[in-house]
Amino acid sequence: MIVDRVTVAETDEGWLRSARVTGRSGELTLEFHVPAVDGSTPHTEDAAAFLAATLLPAMLDGEDLRVDAPVSARTLSGSDEVVTAFTRWDHRLRPPTITTAGPVEPRPPASATGCCFSRGADSMVSAVVERAPAETLTHLIHVVGLEPVHSPATQAEEIRLARHVGDLVGLPVVVPRTNVRRLTDGRCDWADAHGATLASLALATDGLFGRVVVPSTQAVDEIVPFGSSPILEPHLSSESVTVVHDSVSLDRVGKVVLLARDRPDLLPHLKVCWAEDRPDNCGRCGKCLLTMCALQAADALHLATGFPDRIPLEEIRRLRPAPIQSRQHWVAVARALGADGDRGATRGAVLEALRRAARPGPRERALQWWEFLRGRRADPAPSWKDPARGFEWRHHTEMLSLMQRGRPARPISPQAEEPTVLARARPRGD
Ligand SMILES: [Zn+2]
């Protein structure tokens, strides 16, 4: 994969960083439109944003990566850690050889700190949580171009609502635009790509932000292979933009409880759903249902007016949460709901869904066997999920196979397999 024609041009709003990306799967002019704030000007030379954006796409294409522009030495060296994670999480990916036009002259970082902000529970908490003075946020960053199904009307409403929440939390909202998702859409699960993609966006704001916070998805006891992780994004930092993966101390329930307790005024604007083209929540997808249950556990569902006011228990019973991380989210919700009244009824539905995910009824079981015998499913085990869907699913399948069958899901080859070792020892001293 080749990244060339790297340019930075002034625009009416600020600046446009663009580059041509040519790979086995086609050609794309990759763009990051960044608004100027308070006279900020871009650091012009660093192509680190394009390196971060193309690492996974190059690996998906099975290609080496050549960036025909100078790149931050820190980002280049940190990318080894990211490449190693990707190759360990999916054995089909191989480490690319990465070449650049050399290191950039480091510039002092800008003083502003931005935080990626979508109005989801993760980013709402990141926007309001107390921080040390040196780490205090100065802006929220609402990126246009990362939501897959938004019409222009929904996009405009999303921006309006993000700015409204920005007013409520006292932070101005910056709205960059990008087409970076086109590098990975249809080629891998968005969950696999989104951390490196947000890091690339952060690097594209070089000159405006010196620090960019990526809200965390996983809590400390839920960390499994996943495309946004405390072990990924920070490694893509450059000398002038530090990419921070935010605290992993809270799980989904903890985040909702914090918002309900400390910032209930934000709950009407909570938006977690990406399933439909709308600025509020569908109330039926797994993410909506999980958040609604967490809101009920925090006695705050009535405040979150962007959701239906009743939880459809039948929909919850029908859920079959698959990867272990998702099951852990539901267990945390069940614990927080308690056993009494409506909350107890919701807990009952959640526990049934979890039980049925592991031990389905005879009809479901028969269907799974039928699919297995027809070759549409590699394994009849009820918890099996297609590992080709992404890092998290691959990990889940591997754990399942080791625990249930006592052998790895990916067969061990007769020949010795060479482990990936990108690190090098220092030359032996005299
Ligand atoms: Zn939804």
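Predicted model only: the values in this text are computed from it and were never measured. (Residues numbered from 1 in each chain as written. Predicted model: local features only at pLDDT ≥ 70, side-chain atom pairs only at ≥ 80, totals over all residues. Heavy atoms only, no water.)

Describing the packing of aromatic side chains
- Tallied over the entire structure, the rule returns four aromatic pairs.
- Ring centres of W369 and F372 lie 5.4 Å apart, and the angle between their planes is 85 degrees; this geometry places the pair in the edge-to-face category. Within this pair, W369 and its partner F372 are both found in helix α11 (residues 362-373), separated by three residues, close to a single helical turn.
- The structure contains a cluster of three or more aromatic residues connected by ring pairs, namely F86, W89 and F391. (Phe/Tyr/Trp six-rings, centres within 6.5 Å; stacked < 30°, edge-to-face > 60°. Helix = DSSP H or I, 4+ residues; strand = E, 2+ residues; numbered from the N terminus.)

Focus on the pattern of salt bridges
- For the structure on display, the rule yields 28 salt bridges.
- Of the charged contacts, one joins D185 and R181 as a salt bridge, the two residues approaching to 3.0 Å between their closest N and O atoms.
- Residue classification places D185 among the partly exposed positions, given a relative accessible area of 37%.
- R181 gets classed as buried once you look at its relative accessible area, which sits at 9%.
- If you follow the salt bridges from partner to partner, you end up with E276, R278, D280 and R284 in one network. (Salt bridge = Lys/Arg side-chain N within 4 Å of Asp/Glu carboxyl O. Buried < 20%, exposed > 50% of the residue type's maximum accessible area, 1.4 Å probe, protein only.)

Structural notes on the side chain of D122
- Here D122 shows up in helix α3 (residues 121-128).
- With relative accessibility at 14%, the residue D122 sits in the buried group.
- In this structure the side chain of D122 is engaged in a polar contact, spanning 3.2 Å, whose partner is the side chain of R252.
- Among the polar contacts listed, one links the side chain of D122 to the side chain of K255, at a separation of 2.8 Å.
- For D122, the residues in contact, after removing those within four places along its chain, are P215, S216, T217, R252 and K255. (Polar contact = N/O pair within 3.5 Å; in protein donor to acceptor, adjacent residues only side chain to side chain. Contact = heavy atoms within 4.5 Å.)

Side note on the coordination of the zinc ion
- Coordination of the zinc ion by the protein is provided by C273 (SG), C282 (SG), C285 (SG) and C288 (SG), with metal-donor distances spanning 2.2 to 2.4 Å.
- Given four donor atoms and angles of 105 to 119 degrees at the metal, the environment of the zinc ion is assigned as tetrahedral.
- Read in sequence order, the donor residues coordinating the zinc ion give the pattern C-x8-C-x2-C-x2-C. Of this pair, C273 sits in the loop between α6 (252-262) and α7 (286-297) while C288 sits in helix α7, placing them 15 residues apart in sequence. (Donors = N, O, S within 2.8 Å, 3.2 Å for Na, K, Ca; no water. Tetrahedral: all angles 85-135°; square planar, octahedral: opposite > 155°, others 65-115°.)

Considerations on the packing of helix α1 (residues 48-61) against helix α5 (residues 190-204)
- Relative to each other, α1 and α5 sit at 170 degrees, their axes nearing to 7 Å. Regarding the angle of α1 to α5, the classification is roughly antiparallel. In contact with A48, A49, A52, A53 and L56 of α1, α5 contributes D192, A193, A196, S200, L203 and A204.
- Here the residues of the contact of α1 with α5 sort into nine nonpolar, one polar and one charged. (Axes fitted to C-alpha atoms, helices over the stretch in contact; angles between N-to-C directions. Parallel < 35°, antiparallel > 145°, perpendicular 65-115°, else oblique. Nonpolar A, V, L, I, M, F, W, Y, C, P; charged D, E, K, R; others polar.)

Notes on the domain arrangement of the protein
- Domain annotation of the protein identifies domain 1 (2-245), domain 2 (280-358) and domain 3 (363-405).
- For domain 1 versus domain 2, the separation of C-alpha centres amounts to 32 Å.
- Contacts between domain 1 and domain 2 engage six residues on the former and four residues on the latter.
- Together domain 1 and domain 2 conceal approximately 440 Å² of surface at their shared face, both sides included; 46% is due to carbon and sulfur atoms.
- Taken together, the connections running from domain 1 to domain 2 amount to zero salt bridges.
- Here the side of domain 1 that touches domain 2 is built from residues that sort into two nonpolar, two polar and two charged. (Domains from an automatic or database assignment. Buried area = accessible area lost by both parts, 1.4 Å probe.)

A word on a nonpolar patch on the surface
- Together, M399, L402 and M403 make up a nonpolar patch on the protein surface, roughly 330 Å² of accessible area in all.
- Counting through the fold element by element, M403 comes out in helix α12 (residues 391-405). (Patch = residues over 30% accessible without salt bridge, like charges linked within 9 Å, V, L, I, M, F, W, Y side chains within 5 Å. Areas by Shrake-Rupley, 256 points an atom, 1.4 Å probe, with all protein chains shown as cover.)

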